[in-house]
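Breakdown of the fold
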Amino acid sequence: MNCHVQINPRICNGKPVITGTRIPVSVILDQMAVLGSVENILEFYPELSREQVVGTLQYCHSLIEHTEFEFLAA
């Protein structure tokens, strides 16, 4: 697993968060959609490092790459 993301049932109900924080991965994805860049996220969350944000995005990419999708016939 990515060292920038942790899953702990005692933190945010087990949702993936940035390690050492209570910031869910989903919040970083939402902020990327709104703010548009890692730099803007870092301005919004100054407690995070560039490596944490990039690592979180890489974690999301890895999940998508390793997920098998089943397509249903229409």
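In short, a report on the structure. Everything numeric in this text was worked out from a predicted model, so none of it was measured. (Residues numbered from 1 in each chain as written. Predicted model: local features only at pLDDT ≥ 70, side-chain atom pairs only at ≥ 80, totals over all residues. Heavy atoms only, no water.)

A short note on helix H1 (residues 25-35)
Every buried residue of H1 is accounted for by Val25, Ile28 and Gln31. Down the axis of H1, the smallest arc covering the buried residues is 120°, so these residues share one side. In this structure, H1 carries Ala33 and Val34 as exposed residues pointing more than 90 degrees from its buried face. Each element contacted by the buried residues of H1 is listed here: strand E1 (5-6), strand E2 (17-18), helix H2 (38-44) and helix H3 (50-65). Remark: glycine 36 follows H1 within two positions and exhibits a positive phi of approximately 85°. (Buried < 20%, exposed > 50% of the residue type's maximum accessible area, 1.4 Å probe, protein only. Helix = DSSP H or I, 4+ residues; strand = E, 2+ residues; numbered from the N terminus. Arc of directions from axis to C-beta. Contact = heavy atoms within 4.5 Å.)

Some thoughts on the pattern of salt bridges
Per the stated rule, a full pass over the model turns up one salt bridge. Among the salt bridges present, the one from arginine 50 reaches glutamate 39, with a minimum N-O distance of 2.8 Å. With arginine 50 in helix H3 and glutamate 39 in helix H2, this pair connects stretches of sequence that are 11 residues apart. Accessibility expressed as a relative area gives 40% for arginine 50, which makes it partly exposed. (Salt bridge = Lys/Arg side-chain N within 4 Å of Asp/Glu carboxyl O.)

What about unusual backbone geometry?
For cysteine 12, which is not glycine, the phi dihedral falls at a positive 50°. Relative to the assigned elements, cysteine 12 resides in the loop between E1 and E2. For asparagine 13, which is not glycine, the phi dihedral falls at a positive 55°. As for its placement among the helices and strands, asparagine 13 is situated in the loop between E1 and E2.

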